[in-house]
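# Observations on chain architecture
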Amino acid sequence: MTVLVTGCRGRVGSTLLTLLYGKGVPVRAASSSPAHFAPPPGVDTVRCDLGAPETFRAALDGVDSVFLYADARHVDAFVTEARAAGVRHIVLLSSSAVLSPDAAANPVAAPHLAAERALAAASADGAFDVTCLRPGAFATNALQWAPAVRATGAVDLPYPDAVGDPLHEADLADVAYAVLTDDRLRGSSLVLTGPEALTFAEQVRVLARAAGRGITVGTVTPEEWKASVEPYLPAEFADALLEYWRASAAAPVPLTRTVEEVTGRPARTFARWAADHAEAFRG
């Protein structure tokens with residue numbers, strides 16, 4: 001079995017690649033910019049840009065399974081090439097946002113939902129299996145606060161009381177490894193969360209303890225926050241995030257035990273993630 005891991009420059013893809021390699025599973029590292037990625041020794045690296053269908057055929061040649069980031073732009077072309085290559089299993093990194101009632105109209109959820117639906121339709125004849133991983137909040141989202149923390153020792157948030165279920169990227173990689181290597185888990189849809197629900201303010205306090213420094217939480221208006229991210233975040237995505245954070249501050253976040261059920265051990269806490277990444281928050 002050879003596994004193609006897309007998005008290997010990202011934290012999830014790179015963590016999964018290292019795990020597969022360490023377990024002796026034949027793996028191919030795929031990236032839109034492979035020249036900027038250094039895989040483990042002996043791992044084949046190939047260009048696979050999910051926005052460039054012409055890169056799919058070579059990347060998929062000889063591959064049995066794929067870990068695929070949700071990019072709906074050319075998913076039909078990807079499926080066509082996967083079928084031709086004899087791929088038998090695609091593990092899609094989706095999002096729990098697809099479960100929301102407005103998922104099809106939500107700019108954050110819609111691409112994941114479109115990718116899920118396209119893969120489900122393409123696999124209806126049994127040519128290959130599809131497993132959907134639906135994480136909630138990534139613990140790595142906290143890294144967006146790191147530059148401000150290093151520069152000023154403060155984080156300004158529009159909704160400090162917004163609640164998340166931060167999931168360690170290593171737990172997501174562990175689950176992905178399990179479904180890629182255990183046929184009994186194929187074809188499922190798994191909702192993944194961290195083991196605890198924490199507000200943003202609580203997450204910042206955990207980060208401060210891990211980094212051994214004070215971090216102040218300030219409150220800005222949604223309009224001020226949106227203006228601050230305008231250079232790199234489209235307005236519709238910013239609006240969707242603001243609405244999600246506003247709603248989450250007033251409603252409980254449901255947690256799952258899927259990580260433990262699949263891997264046999266509890267999900268890593270946010271404190272563990274903070275300890276693993278503490279250096280990013282030090283001056």
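Scroll up for the structure.
This section reports on the structure supplied with the text.

### Side note on the packing of aromatic side chains
Applying the stated criterion across every chain yields a total of seven aromatic pairs. Between Trp145 and Phe200, the ring centres sit 5.6 Å apart and the planes meet at 80°, which makes this aromatic pair edge-to-face. With Trp145 in the loop between β6 (129–135) and α5 (146–152) and Phe200 in helix α7 (residues 200–211), this pair connects stretches of sequence that are 55 residues apart. Feature note: the residues Trp145, Phe200, Trp225 and Trp245 constitute an aromatic cluster, connected by ring pairs.

### Brief notes about helix α4 (residues 110–122)
The end-to-end C-alpha distance of α4 is 18 Å, a good match for the 18 Å that 13 residues give at a rise of 1.5 Å each. Buried residues along α4 sit against β4 (65–69), α3 (75–85), β5 (89–93) and β6.

### Quick notes on the pattern of salt bridges
Counted according to the given criterion, the structure contains 19 salt bridges. For Asp125, the salt bridge goes to Arg83, with nearest N and O atoms at 2.9 Å. With a gap of 42 residues between them, Asp125 in the loop between α4 and β6 and Arg83 in helix α3 connect regions that are remote in the sequence. The exposure class assigned to Asp125 is exposed, which follows from its relative accessible area of 53%. Note on Arg83: relative accessible area 36%, which makes it partly exposed. Where Asp171 meets Arg265, a salt bridge forms, and the shortest distance between an N and an O atom there is 2.8 Å. Remark: Arg265 occurs in the loop between α10 (258–263) and α11 (270–276) and Asp171 occurs in helix α6 (residues 169–181); sequence separation between them is 94 residues. Assessed through its relative accessible area of 0%, Asp171 is described here as buried. For Arg265, a relative accessible area of 25% translates into the label partly exposed. If you follow the salt bridges from partner to partner, you end up with Asp64, Asp129, Asp183 and Arg186 in one network.

### So, the sheet that holds β6
Reading across the sheet, the seven strands line up as β3-β2-β1-β4-β5-β6-β9 and stay open at both edges, with parallel pairing between neighbours. Where the open sheet ends on each side, the last strands, each with one partner, are β3 (44–47) and β9 (189–192). The sheet shows a mean angle of 20° between the axes of neighbouring strands, taken without regard to direction. As judged from the three bridges shared by strand β1 (residues 3–5) and β4, these two strands associate in the parallel manner. In the sheet register, Leu4 faces β4, and the bridge partner there is Val66.

### Examining the pairing of strand β2 (residues 27–31)
Where a strand is regular, its side chains alternate between the two sheet faces. With five of five residues buried, β2 lies mostly within the body of the structure. Because side chains alternate across β2, one face comprises the buried residues Val27, Ala29 and Ser31, and the other comprises Arg28 and Ala30, equally buried. In this structure, β1 lies alongside β2, joined through three bridges in parallel fashion. Directly across from Val3, in β2, lies its bridge partner Val27. As a crossover connection, the stretch from β1 through helix α1 (residues 11–22) into β2 is right-handed.

Rules and cut-offs
Residues numbered from 1 in each chain as written. Predicted model: local features only at pLDDT ≥ 70, side-chain atom pairs only at ≥ 80, totals over all residues. Heavy atoms only, no water. Phe/Tyr/Trp six-rings, centres within 6.5 Å; stacked < 30°, edge-to-face > 60°. Helix = DSSP H or I, 4+ residues; strand = E, 2+ residues; numbered from the N terminus. Expected span 1.5 Å × (residues − 1). Contact = heavy atoms within 4.5 Å. Salt bridge = Lys/Arg side-chain N within 4 Å of Asp/Glu carboxyl O. Buried < 20%, exposed > 50% of the residue type's maximum accessible area, 1.4 Å probe, protein only. Pairing = 2+ DSSP bridges. Axes fitted to C-alpha atoms, helices over the stretch in contact; angles between N-to-C directions. Right-handed = clockwise from strand over helix to strand, strands pointing away.

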